[in-house]
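# Per-entry structural report
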Amino acid sequence: MAEVRFDGVGKVYSRGDIPAVSDFTLDVRDGEFLVLVGPSGCGKSTSLRMVAGLETPTSGRIFIGGKDVTNLPPKDRDIAMVFQNYALYPHMTVAENLSFGLKLRHFPKAEIERRVKVAAETLGLAQYMKRLPKALSGGQRQRVALGRAIVREPAVFLFDEPLSNLDAKMRVEMRAEIIRLHNKLGATMIYVTHDQTEAMTMGERIVVMSAGRIQQVAPPLEVYEHPANPFVAGFIGTPPMNLFPAGVLDAKRIVGLRPEHISLVAHGVGGEAVPAKVDFIEPLGPETLVHVVTESQSVAAIVRVPGFAACKAGDKVDLLANMAKAVFFDGGNS
């Protein structure tokens, strides 16, 4: 079994510093694809590195498969890590990069060949086995990095922003590659990213972090529709959830509404509509993002309109909110 358990884990780098991670308590299920997401400096990579044994917790314990690994060296944790920078040996071929770690551990030659062949076939690397990393594209290098993790046949795979160096098209392709890999292997995977689109599309559950603390743990759709606090509401979603202060929509608390839950109607319809003015628009083909500012309190909002929006900067419009989809917050950022 390859469950990972964080039990009150904390990390402070120097005395008097603000904790990088505080009271991190979480159970990662056997075979789960879990994503840690949040802005730079939120503690997600530190949390992952503590699982890997590259950082030592200041407090709390970490368990893998029920075994306390808090103070074990990385080599004794049965994990494999994929880094942002690929970490390939430039003077070695693809085949040599894939097999090198197994040779260091004195695996039998036949077993090394079997594992390398499986990894190469799984990732479509068979035709590149004699190439050096410099002769590979960014996506191919990342496949080799994935392959080095696969040949280990670890209990847990750890990914530290592995797609950050790829262009947008290649990131989409590699996201699909990693998802297929998880479906095929059924292994426990913990994936760190600052990109909430990656989190939403890849994770079975996502852990949203801010300032070293867990803000919410839930399946992606639940986080999107029912964010736990204003921070999560503003971080998850492209574009993010609109947050209206008390009074703008005749509410006594902060109101959160996704851009698709606000409609543009003709100016002056009255009733529950809120008068606003178009600031600018972003045509995206199948939809348009209309940025508006309310007339009464100068509150900015984004409205998602299917297709092309028949308005332009400076136009007066009214906003009609679908309050059945609204989320209410007491205030604060966390």
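Reference entry: report on the structure contained in this document. (Residues numbered from 1 in each chain as written. Predicted model: local features only at pLDDT ≥ 70, side-chain atom pairs only at ≥ 80, totals over all residues. Heavy atoms only, no water.)

Further remarks concern the pairing of strand β4 (residues 59–64). Across five bridges, strand β1 (residues 4–11) lies against β4 in antiparallel orientation. Within β4, the position partnered with aspartate 7 by the bridge is arginine 61. Once β4 ends, the chain turns through two residues before running back antiparallel as strand β5 (residues 67–68), passing glycine 65 with a positive phi of about 60°. (Pairing = 2+ DSSP bridges. Helix = DSSP H or I, 4+ residues; strand = E, 2+ residues; numbered from the N terminus.)

Next up on the list: the side chain of threonine 288. Relative to the elements of secondary structure, threonine 288 occurs in strand β15 (residues 287–294). Looking at threonine 288, its side chain comes within polar contact range of the main-chain oxygen of glycine 307, at 2.7 Å. What threonine 288 contacts, discounting residues up to four positions off in sequence, is Ile281, Glu282, Pro283, Val303, Arg304, Val305, Gly307, Phe308 and Ala309. (Polar contact = N/O pair within 3.5 Å; in protein donor to acceptor, adjacent residues only side chain to side chain. Contact = heavy atoms within 4.5 Å.)

Moving on, we get to the sheet that holds strand β18 (residues 327–329). The strand order across the open sheet formed by three strands is β11-β12-β18, and the pairing between neighbours is antiparallel. Two strands in the sheet have a free side with no partner beyond their single neighbour: β11 (242–244) and β18. Across this sheet, the average inter-strand angle for adjacent strands is 25°, counted without regard to direction. The pairing of β11 with strand β12 (residues 254–257) spans three bridges and is classified as antiparallel. Looking across to β12, one finds that phenylalanine 244 is bridged to valine 255. (Axes fitted to C-alpha atoms, helices over the stretch in contact; angles between N-to-C directions.)

Right, let's get into the pairing of strand β6 (residues 79–82). The two faces of the sheet receive side chains in turn, since in a regular strand these alternate between them. Of the two faces of β6, the one carrying Ile79 and Met81 and the one carrying Ala80 and Val82 are both buried. Relative to strand β7 (residues 156–160), β6 runs parallel, the two sharing four bridges. Residue pairing for β7: isoleucine 79 is matched across the bridge by valine 156. (Buried < 20%, exposed > 50% of the residue type's maximum accessible area, 1.4 Å probe, protein only.)

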